[in-house]
Amino acid sequence: MPKEVIQPKNMPVPAAPYSPGIKKGGFIFTSGQVANDSNGNLMGIGDVAAQTEQCLKNIETVLTEGGATKDDVLKCVVFLSDIRYFQDMNAEYAKFFDGDDKPGRSTVQAPLARPEMLVEIEAVAYIGD
Amino acid sequence: MPRTVISSGDSVAIGPYSPGAGGGGLFFLSGKAALDSSGNVIAPGDIAAQTEATIQAIEAVLADAGGTLDDVVKTTVFLSDMRHSKGMNEVYARKFTGGRPARSTILMVPPAVDLLVEIDVIAMIGE
């Protein structure tokens, strides 16, 4: 089965050599999503809660384009530019993943592509063959 | 179905890990970097050459699992400095063509001073 590129229409084509998402064998892998709006402008400058909400919206956009929902997510990796954002990110994250069976997750502190970016999130989902 | 551990004769490991392991068609490769068989950094300070060597090392491990770069679905690129992203992307774009993998790129504290890039990949082979 060939891999399928997931490029939502309302998401800019990445300037760098990657796809917003890849679907293969029932799995969907998203690229790390930052808090860009549909025009590629960073939202929520200085506001980690707002950025987290936008990152997760972008993940949902990719999942939807690939035929999945947030309930299909197996695992996320959260990159925070400063681990002190942990609680604020979690509060917003828990609003998005609001079920009892939340995905697995790792959270690491890592400087992101631009200093205004406070959080980046990637996800792996499974929807079966 | 049991997991498969990729044993790669010429793959450089600098710790207690395998070059990769797979199950259910998914293969998780260990992070690769521009290291020679003694663990020395190849092309210190040269992001293009290091990216090339890193992706060649990934290709070698994928080949041992019966795959190619086309089977890669997700990568994580670790850079020692975001200023290297342009040089990395130029080589990366040449190696990963058509149906480019999903990717996250983050900064790392490099394990060796002159090491500029490390890449880990997930591939789906034979599905």
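Refer to the preceding data block for the structure.
Residues numbered from 1 in each chain as written. Chains lettered and ligands numbered in written order. Predicted model: local features only at pLDDT ≥ 70, side-chain atom pairs only at ≥ 80, totals over all residues.

## A word on the overall build of chain A
- The secondary structure content of chain A amounts to two helices and six strands.
- Element order for chain A, N to C, with α for helix and β for strand: β-β-β-α-β-α-β-β.
- Taking 2.2 N^0.38 as the reference for a compact globule, 129 residues should give roughly 14 Å; the C-alpha atoms of chain A span a radius of gyration of 14 Å, in line with that estimate.
- Projected onto its principal axes, the C-alpha positions of chain A cover 40 × 35 × 20 Å.
- The proportion of buried residues among the 129 residues of chain A is 40%. (Helix = DSSP H or I, 4+ residues; strand = E, 2+ residues; numbered from the N terminus. Rg over C-alpha atoms; globule rule 2.2 N^0.38 Å. Buried ≥ 20, exposed ≤ 12 C-beta atoms within 10 Å, placed from the backbone.)

## A few points about the pairing of strand 2 (residues 20-23) of chain B
All names here are of chain B.
- Burial along strand 2 is one-sided: the residues Gly20 and Gly22 are buried and none of Ala21 and Gly23 is.
- In the sheet, strand 1 (residues 4-6) pairs with strand 2 via three bridges, with the strands oriented antiparallel. The partner of Ile6 across the bridge, within strand 2, is Gly20.
- In terms of strand pairing, strand 2 meets strand 3 (residues 26-29) through four bridges, oriented antiparallel. Its bridge partner being in strand 3, Gly22 is matched across the sheet by Phe27. (Pairing = 2+ DSSP bridges.)

## A look at the interface of chain A and chain B
- Contacts between chain A and chain B engage 22 residues on the former and 20 residues on the latter.
- Looking at the side of chain A that touches chain B, the elements that each hand over two or more residues are strand 2 (21-24), strand 3 (27-30) and strand 6 (119-126) of chain A.
- A per-element tally of the side of chain A that touches chain B places strand 2 of chain A first, with three residues.
- Tallied by class, the residues present in the side of chain A that touches chain B amount to twelve nonpolar, six polar and four charged. (Contact = placed C-beta atoms within 7 Å. Nonpolar A, V, L, I, M, F, W, Y, C, P; charged D, E, K, R; others polar.)

## As for the sheet that holds strand 6 of chain A
Residues and elements named next belong to chain A.
- If you trace the six strands from one edge of the open sheet to the other, you get 1-2-3-6-4-5, paired in mixed fashion. Edge positions in the open sheet fall to strand 1 (4-6) and strand 5 (104-109), since each of these has one partner strand only. On average, adjacent strands in this sheet sit at an angle of 15° to one another, irrespective of strand direction.
- Of the pairings in the sheet, the one linking strand 2 to strand 3 comprises four bridges and is antiparallel in character. Its bridge partner being in strand 3, Ile22 is matched across the sheet by Phe29.
- Of the strands in this sheet, strand 1, strand 2, strand 3 and strand 6 touch helix 1 (residues 48-65), which is tilted by about 30° from strand 6. (Axes fitted to C-alpha atoms, helices over the stretch in contact; angles between N-to-C directions.)

## Re helix 1 (residues 47-64) of chain B
Residue and element names in this part refer to chain B.
- The end-to-end C-alpha distance of helix 1, which contains 18 residues, comes to 26 Å, matching closely the 26 Å that a straight helix rising 1.5 Å per residue would cover.
- Looking at the buried positions of helix 1, the neighbouring elements they touch are strand 1, strand 2, strand 3, strand 4 (32-33), helix 2 (85-95) and strand 7 (117-124).
- The positive-phi residue at the C-terminal boundary of helix 1 is Gly66, with phi of around 85°. (Expected span 1.5 Å × (residues − 1).)

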